[in-house]
Amino acid sequence: MAYSQGAYGGQPMAGGAPAGPFSQPVDPVIQQWFVSVDQDRSGQISTSELQQALTNSNWSRFNEETCHLMIGLFDRDMSGTINLGEFQALWTYIQQWKGVFDQFDRDRSGFIDANELNNAYTQMGYRLSPAFSSMVVFRYDPQFRRQLSLDNFIQSCVLLKTITDTFRQKDAQAQGVINVGYEEFLSMVMLNRH
Amino acid sequence: MAYQQQQGPPDQNFLWGVFQRVDKDRSGQISTQELGQALSNGTWNPFNPETVRLMIGMFDRDSSGTINFQEFSSLWKYVTDWQNCFRGFDRDNSGSIDKNELQQALTAFGYRLSDSFYSLLVRKFDRQGRGVIVFDDFIQCCVVLQTLTAAFRQHDTNQSGWITIGYEQFLSLVFNVKA
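Computed from a predicted model, the values in this text were never measured in an experiment.

1. Regarding the overall build of chain B
Along chain B, the regular secondary structure elements total 8 helices and 3 strands. Starting at the N terminus and ending at the C terminus, chain B contains elements arranged as α-α-α-α-β-α-α-β-α-β-α. The C-alpha atoms of chain B give a radius of gyration of 18 Å, which matches the 16 Å a tight globule of 179 residues would have. Seen through its C-alpha atoms, chain B measures out along the principal axes to roughly 50 × 40 × 30 Å. Taken over 179 residues, chain B has a buried fraction of 50%.

Dropping the structure here:
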């Protein structure tokens, strides 16, 4: 099911994905954003600065873990912060995730349910079962509403991307199945924790 | 609460008193937030919120996201058991355990893991960036390890120490380990 076409998914949004954090000239609009988010004028954006800048559609702030995860995606030097070029790459990702989310949040409630989540994953190129999406909603909805807000959705997408990358590295022949020993298995999972 | 001295099993009156103090909004239920405010890890930093969620999840039988008095009593015993265990391995009474002490603790639990893996564990569970693990992070580390080992064992039917696992199964495993 997940591998019916020998692909992993995770390369969605053809044409829109950033080629790399440093490869594009910085958009002046993003530069302005960067300056307003970088409150301590350090030239770097931290998790808490990012958190203050992002809101869900009901105006609640993004949860800290999602911001931490997003910074971790682009923070190459493990400083816990990102620079302007990295911010631009992250910004592109956030816009794409938000685009997918809004498309499936038909009633503009600010939430998507398990069914809609499954369709969103499919659109992003992942082939995952409805049971998987239900499990994700159960795990990522801290208020037990059986729905995900934008930050929870992004959190799941970041994890999905990093775990898929880890799995793909191990699955050289792209068979969708890996053979792994105990400690390596533990390490693969632990490295995906942030 | 986590660092109070105690002799013998706590009696119900004592626990009821604690429960009422923790239940700030007098709802008869303790939320993740209330529990987090009541627990101490021996530092001035707040108790690890993931450990709190992990523990509420363990004892919250009716999936309400909160725990009642009875569930709280079980949780109390769980925390004090971990506390005694932690103290036993914190040989120098520093309030934290270093990589060697962690290795001794987990070896005593029956784990056989390499030196580099213990370095990874300390790096991943040390929230304070001091190279050591404090009480709440220790609980989280042990519960995560326990959960992952149980999951691995389920797939390792012939006990060879190797498993063959598919993409979605692997994804589900990692997502489930999240507190």
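2. Side note on the overall build of chain A
Within chain A, the regular secondary structure consists of 8 helices and 3 strands. Each helix and strand of chain A, ordered N terminal to C terminal, gives the series α-β-α-α-β-α-α-α-α-β-α. Per-residue burial for chain A yields a buried fraction of 50% across its 194 residues. For chain A, the proportion of contacts with a sequence separation of at least 24, taken over those separated by at least 6, is 59%. For chain A, the accessible surface area stands at approximately 9400 Å², while carbon and sulfur atoms represent 51% of it.

3. Quick notes on the UniProt feature "domain: EF-hand" (unreviewed entry) in chain A
Residue and element names in this part refer to chain A. Here the UniProt-annotated "domain: EF-hand" (unreviewed entry) positions come out as residues 25-60 and 92-127. Helix and strand shares over residues 25-60 are 47% and 6% respectively, and the end C-alpha atoms of the span are 32 Å apart. A helix fraction of 64% and a strand fraction of 0% characterise residues 92-127, whose end C-alpha atoms lie 23 Å from each other.

4. As for the side chain of Glu49(A)
Residue and element names in this part refer to chain A. Assignment of secondary structure puts Glu-49 in helix H2 (residues 47-53). Although Glu-49 lies buried, it forms no salt bridge, and the closest oppositely charged side chain, Arg-41, sits 8.1 Å away as judged by the N-O distance. Residues within four places of Glu-49 in sequence aside, it is in contact with Val-37, Asp-38, Gln-39, Asp-40 and Gln-44.

5. Thoughts on helix H4 (residues 84-104) of chain A
Given a rise of 1.5 Å per residue, 21 residues ought to cover 30 Å, and the 30 Å separating the end C-alpha atoms of H4(A) matches this to within 8%. N-capping of H4(A) is provided by Asn83(A), with a side-chain oxygen placed 3.2 Å from the backbone N of Gly85(A).

6. Re the UniProt feature "domain: EF-hand" (unreviewed entry) in chain B
In this numbering, the UniProt entry assigns the feature "domain: EF-hand" (unreviewed entry) to residues 10-45 and 77-112 of chain B. Regarding residues 77-112 of chain B, the helix share stands at 64% and the strand share at 6%, and the terminal C-alpha atoms are separated by 28 Å.

7. A short note on the environment of Ser156(A)
Mapped onto the elements, Ser156(A) comes out in helix H7 (residues 150-170). Remark: the alpha-carbon pair of Ser156(A) and Arg139(A), spanning 17 residues in sequence, is separated by 9.5 Å. Beyond its immediate chain neighbours, meaning those up to four positions away, Ser156(A) contacts Tyr121(A), Val136(A), Tyr140(A) and Phe175(B). A polar atom in the side chain of Ser156(A) sits 2.9 Å from the backbone oxygen of Phe153(A).

8. Quick look at unusual backbone geometry
Of note, Arg41(A) is a non-glycine position whose phi angle comes to about 55°, a positive value. In this structure, Arg41(A) sits in the loop between helix H1 (28-37) and strand S1 (45-46). Not every positive phi belongs to a glycine, and Asn93(B) is a case in point at roughly 50°. Here Asn93(B) shows up in the loop between helix H4 (69-89) and strand S1 (96-97). Note on Asn93(B): relative accessible area 63%, which makes it exposed.

9. Details of the pattern of salt bridges
Residue and element names in this part refer to chain A. This structure, assessed with the given rule, holds 9 salt bridges over all chains. Where Lys-170 meets Glu-184, a salt bridge forms, and the shortest distance between an N and an O atom there is 3.4 Å. Of this pair, Lys-170 sits in helix H7 while Glu-184 sits in helix H8 (residues 182-191), and the two are 14 residues apart along the sequence. Through salt bridges with shared partners, one network takes in Lys-161, Asp-165 and Arg-168.

10. A word on the interface of chain B and chain A
Across the contact, 38 residues belong to chain B and 39 residues belong to chain A. For chain B, the biggest contributors to the area lost against chain A are Tyr167(B), Phe170(B) and Phe175(B); these three give 24% of the whole. At the surface where chain B touches chain A, the tally comes to 1 salt bridge. For Arg53(B), the salt bridge is made with Glu65(A), and the minimal N-O distance between the two is 3.5 Å. One can count 10 residue pairs in polar contact (both at pLDDT 80 or more) joining chain B with chain A. Those elements that place two or more of their residues in the side of chain B that touches chain A are helix H3 (49-59), helix H6 (115-125), helix H7 (135-155), strand S3 (162-166) and helix H8 (167-177) of chain B. Per-element tally for the side of chain B that touches chain A: the top contributor is H8(B), with 10 residues. When its residues are assigned to classes, the side of chain B that touches chain A shows 20 nonpolar, 11 polar and 7 charged. The pairing of strand S3 (residues 177-181) of chain A with S3(B) spans 5 bridges and is antiparallel. Within the sheet, the bridge partner assigned to Val180(A) lies in S3(B) and is Ile163(B).

11. A closer look at the packing of H4(B) against H7(B)
All names here are of chain B. Here H4 crosses H7 at 100°, and the two axes come no closer than 10 Å. Judged by the angle between their axes, H4 and H7 are roughly perpendicular. Contacts from Tyr-78, Val-79, Trp-82, Gln-83, Cys-85 and Phe-86 in H4 reach Phe-135, Phe-138, Ile-139, Cys-142 and Val-143 in H7.

Parameters and conventions
- Residues numbered from 1 in each chain as written.
- Chains lettered and ligands numbered in written order.
- Predicted model: local features only at pLDDT ≥ 70, side-chain atom pairs only at ≥ 80, totals over all residues.
- Heavy atoms only, no water.
- Helix = DSSP H or I, 4+ residues; strand = E, 2+ residues; numbered from the N terminus.
- Rg over C-alpha atoms; globule rule 2.2 N^0.38 Å.
- Buried < 20%, exposed > 50% of the residue type's maximum accessible area, 1.4 Å probe, protein only.
- Contact = heavy atoms within 4.5 Å.
- Areas by Shrake-Rupley, 256 points an atom, 1.4 Å probe, with all protein chains shown as cover.
- UniProt positions renumbered as here; feature names shortened; annotations may be inferred.
- Lys, Arg positive; Asp, Glu negative; His and termini not counted.
- Salt bridge = Lys/Arg side-chain N within 4 Å of Asp/Glu carboxyl O.
- Expected span 1.5 Å × (residues − 1).
- Polar contact = N/O pair within 3.5 Å; in protein donor to acceptor, adjacent residues only side chain to side chain.
- Buried area = accessible area lost by both parts, 1.4 Å probe.
- Nonpolar A, V, L, I, M, F, W, Y, C, P; charged D, E, K, R; others polar.
- Pairing = 2+ DSSP bridges.
- Axes fitted to C-alpha atoms, helices over the stretch in contact; angles between N-to-C directions.
- Parallel < 35°, antiparallel > 145°, perpendicular 65-115°, else oblique.

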